[in-house]
Amino acid sequence: REPGKTNEPVAIVGLACRFPGSENSGEFWSLLRDGRCAVDFSDRMPGVEAGFLDGIENFDAGFFGLSENEARGMDPQQRLLLEVAWEAMEDFGLEPQDIEGARGGVFVGISAADHALQNFSRSDSEQLINAYSATGFALSLAANRLSYHLNFHGPSLAIDTACSSSLVAVHQACQSLRHGECDIALAGGVNLIGNPHVQLALERAGMLSPNSRCNTFDAAADGYVRGEGCGIVVLKPLEAARRDGNR
């Protein structure tokens, strides 16, 4: 394939997601189709109404070859990315080991550092710091950990452009494919609400809806509502996807 085909179409050959009220893409489609609202309260942040995920503390460390100590020290966003990226590869139709060593790129939109902020602000923070803290708190590792576990030999970037982070990650993945930097790419983003500090700042800035509802492009719009989630798409050049018989 000739690098530099800047207008070459890119195909989505796999996807997975974990969103409020939706454990997978099928449930998310049903939620959208039925017009249901997934904004609610959570015990994790009393008094805050937002789009929260359930069960973020659940993680099979052994499945990913991690010790329990390392898993506990990781930002939950990193754990969620590992799970959803694996599910996206399964939706692609291949076990990750089937393309081990591929020229694969990983592009992750991520901007929340709530886990680090929460741990460093605690009175016993010194006791919480261990050998896994540096990698567990670093946003860059959100992408790098995926590349390592999938044994992908291509670009591995964490991208923070605030609310557009996932969109920019997909754009960068498409550009990387078109310029021949990788043959397959995982792109998407993750966000978890870990502490009330950012929530309070956004409220004081008048950015959040006092009714905890989004009314996008509507005269009733009065702010936005925060939400958690993770979404990953598997991308290939359309020509290559057709050649390889990908769905």
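All values derive from a computational prediction rather than experimental measurement.

So, how was this worked out
- Residues numbered from 1 in each chain as written.
- Predicted model: local features only at pLDDT ≥ 70, side-chain atom pairs only at ≥ 80, totals over all residues.
- Heavy atoms only, no water.
- Disulfide = S-S within 2.5 Å.
- Buried < 20%, exposed > 50% of the residue type's maximum accessible area, 1.4 Å probe, protein only.
- Phe/Tyr/Trp six-rings, centres within 6.5 Å; stacked < 30°, edge-to-face > 60°.
- Helix = DSSP H or I, 4+ residues; strand = E, 2+ residues; numbered from the N terminus.
- Contact = heavy atoms within 4.5 Å.

Participant: Before we go on, may I ask you to explain the state of the cysteines in this structure?
Facilitator: Two cysteines form a disulfide when their sulfur atoms are joined by a covalent bond. What the rule picks out here adds up to zero disulfides. Cysteine Cys 37 shares no disulfide, and the gap to the nearest cysteine sulfur, in Cys 214, comes to 8.8 Å. Relative accessible area serves as the criterion here: at 48%, Cys 37 is assigned to the partly exposed category. Free cysteine Cys 163: the closest other cysteine sulfur is in Cys 214, separated by 10 Å. For Cys 163, a relative accessible area of 77% puts it in the exposed group.

Participant: I would appreciate a short explanation of the packing of aromatic side chains in the present structure.
Facilitator: Two aromatic rings, taken as a pair, are described by how far apart their centres are and by the angle between their planes. Going through the model one piece at a time under the given rule, you end up with five aromatic pairs. Where Phe 59 meets Phe 64, the ring centres are 5.4 Å apart and the plane angle is 0°; that geometry is what we call stacked. Since its relative accessible area comes to 17%, Phe 59 is described here as buried. Measuring from centroid to centroid gives 6.0 Å for Phe 64 and Trp 86, while their planes differ by 90°, and the two rings are edge-to-face.

Participant: Sorry, what's going on with the side chain of Ser 22 here?
Facilitator: Counting through the fold element by element, Ser 22 comes out in the loop between strand S1 (10–18) and helix H1 (25–34). Judged by its relative accessible area of 2%, Ser 22 falls in the buried class. Beyond its immediate chain neighbours, meaning those up to four positions away, Ser 22 contacts Glu 27, Phe 28 and Leu 31.

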